[in-house]
Amino acid sequence: HGGAAAVLDGLKTFDSAVLRVAGKNGAPDRTQELPAGLFEMTVDGGGKLKTYCIDLHNPTQDQAKYLETPWAETSLGGNRNAGKIRWILQHSYPQVDDLAALADAAGTGPLTERTAAAGTQVAIWRYSDDADVTASDKQAEKLADWLERSARGTKEPRASLTLEPAAVAGRAGE
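The structure contained in this document is the topic of the report that follows. Bear in mind that the values here come from a model prediction, so they are computed numbers and not experimental data.

This brings us to the overall build of the chain. Secondary structure assignment for the chain yields four helices and five strands. What you see in the chain, going N to C, is helices and strands ordered as β-β-β-β-α-α-α-β-α. Relative to its full complement of 174 residues, the chain shows a buried share of 37%. Counted over contacts in the chain with a minimum sequence separation of 6, partners at least 24 positions apart contribute 66%. For the chain, the computed accessible surface area is about 10400 Å², with 50% contributed by carbon and sulfur atoms.

Following the criterion strictly, the structure yields nine salt bridges and no others. With a closest N to O distance of 3.1 Å, aspartate 15 and arginine 114 form a salt bridge. A residue pair is termed long-range when its members are at least 10 positions apart, and aspartate 15 in strand S1 (residues 5-21) and arginine 114 in helix H3 (residues 113-128) qualify at 99 residues. By relative accessible area, which is 45% here, arginine 114 ends up partly exposed. Glutamate 148 is paired through a salt bridge with arginine 126; the nearest N and O atoms lie 3.0 Å apart.

Residue proline 94 is bonded to the preceding tyrosine 93 through a cis peptide linkage, with omega at 5 degrees. Along the chain, the position of proline 94 falls in the loop between helix H1 (82-91) and helix H2 (99-106).

So, about the layout of surface pockets. A volume near 220 Å³ is recorded for the second largest pocket. Taken together, 15 residues line the second largest pocket, and the ones lying closest to its centre are Leu34, Pro35, Phe39, Leu56 and Trp125. Among the secondary structure elements, those contributing two or more residues to the lining of the second largest pocket are strand S2 (30-43) and H3. With five residues, the single largest contributor to the lining of the second largest pocket is S2. For the lining of the second largest pocket, the class distribution of residues is nine nonpolar, five polar and one charged.

Within the secondary structure, tryptophan 87 sits in helix H1. Exposure remark for tryptophan 87: the relative accessible area of 12% places this residue in the buried category. For tryptophan 87 and leucine 147, which are 60 residues apart along the polypeptide, the C-alpha to C-alpha distance reads 8.7 Å. In this view, tryptophan 87 contacts Leu147, Ser150, Ala151, Arg152 and Thr154; residues no more than four positions away in its chain are not counted.

Another point: the pairing of S1. The side chains of a regular strand alternate, first on one face of the sheet and then on the other. Here S1 pairs with strand S4 (residues 65-67) via three bridges, running antiparallel. Following the sheet pairing, alanine 6 is matched in S4 by tyrosine 66. Relative to S2, S1 is paired through 14 bridges, and the arrangement is antiparallel. Pairing of serine 16 across the sheet is with proline 35, part of S2. The pairing of S1 with strand S5 (residues 132-135) spans four bridges and is antiparallel. Paired with arginine 20 across the two strands is aspartate 132, which belongs to S5.

Criteria and cut-off values
- Every residue gets a number counted from 1 within its own chain, in the order that chain's sequence is written.
- Two thresholds apply to this predicted model, a pLDDT of at least 70 for residue-level local features and 80 or more for giving and counting side-chain atom pairs, whereas whole-chain, interface and lining totals are computed over all residues.
- Side-chain calculation: all heavy atoms of the structure are included, whereas hydrogens and water are not.
- Segments assigned H or I by DSSP are reported as helices when at least four residues long, segments assigned E as strands when at least two residues long, and all are numbered from the N terminus.
- Here's how the labels work: a residue is buried when its accessible area is under 20% of the maximum for its type, exposed when over 50%, partly exposed in between, all with a 1.4 Å probe on protein chains only.
- Residues are treated as being in contact if the distance between any of their heavy atoms lies within 4.5 Å.
- Each accessible area is a Shrake-Rupley estimate made with a 1.4 Å probe; only the visible protein chains count as cover when residues are assessed.
- What counts as a salt bridge is simple: a side-chain nitrogen of Lys or Arg found within 4 Å of a carboxyl oxygen of Asp or Glu.
- Every definition here rests on a 1 Å grid over the protein atoms only: cavities are sets of points where a 1.4 Å probe fits but cannot get out, pockets are open sets enclosed by protein on both sides within 12 Å along at least five of seven lines, and lining residues have some atom within 4 Å of a point.
- Grid points are joined across faces, edges and corners, and a volume is the space filled by probe spheres set on the points.
- Ten residue types, Ala, Val, Leu, Ile, Met, Phe, Trp, Tyr, Cys and Pro, are classed as nonpolar, four, Asp, Glu, Lys and Arg, as charged, and the remainder, Gly among them, as polar.
- Each pair of strands is called paired provided DSSP finds at least two bridges between the two strands.

Shown next as structure tokens:
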């Protein structure tokens, strides 16, 4: 399929969030505090990229190799909100790195890299996992709410790297 390969270096820019899980069979709801933010990856061949989680209930594996794949081969394949997640990624931190402008657009008050990353992750989880999750920081929560309300469906991006044609034949050195 083409696409990048990278090794996960871990969660680098984050704050906290609270996940609420409904109790079953009359049990009370429970809450869990968890980190929310940006992961950093080292791309094969050099470079770094930042990414968010789209599968809250399956933990990432530090130092594992991840491959860029089409949505259909991920949990986004059957998610009708995949395009909204992409919109969030395109309209929030770090794609929008002017935090004052982002805060102004969202009406949040001051944002830091950590709170912007947490608010963005919370908004993504609301669409990727249909999670009842809230950012711990007030400004991050306002950002998450704004992103969730503002998100519009967009199309799947093309792979970042493709080879065409997919196969080529020839003699070595020619």
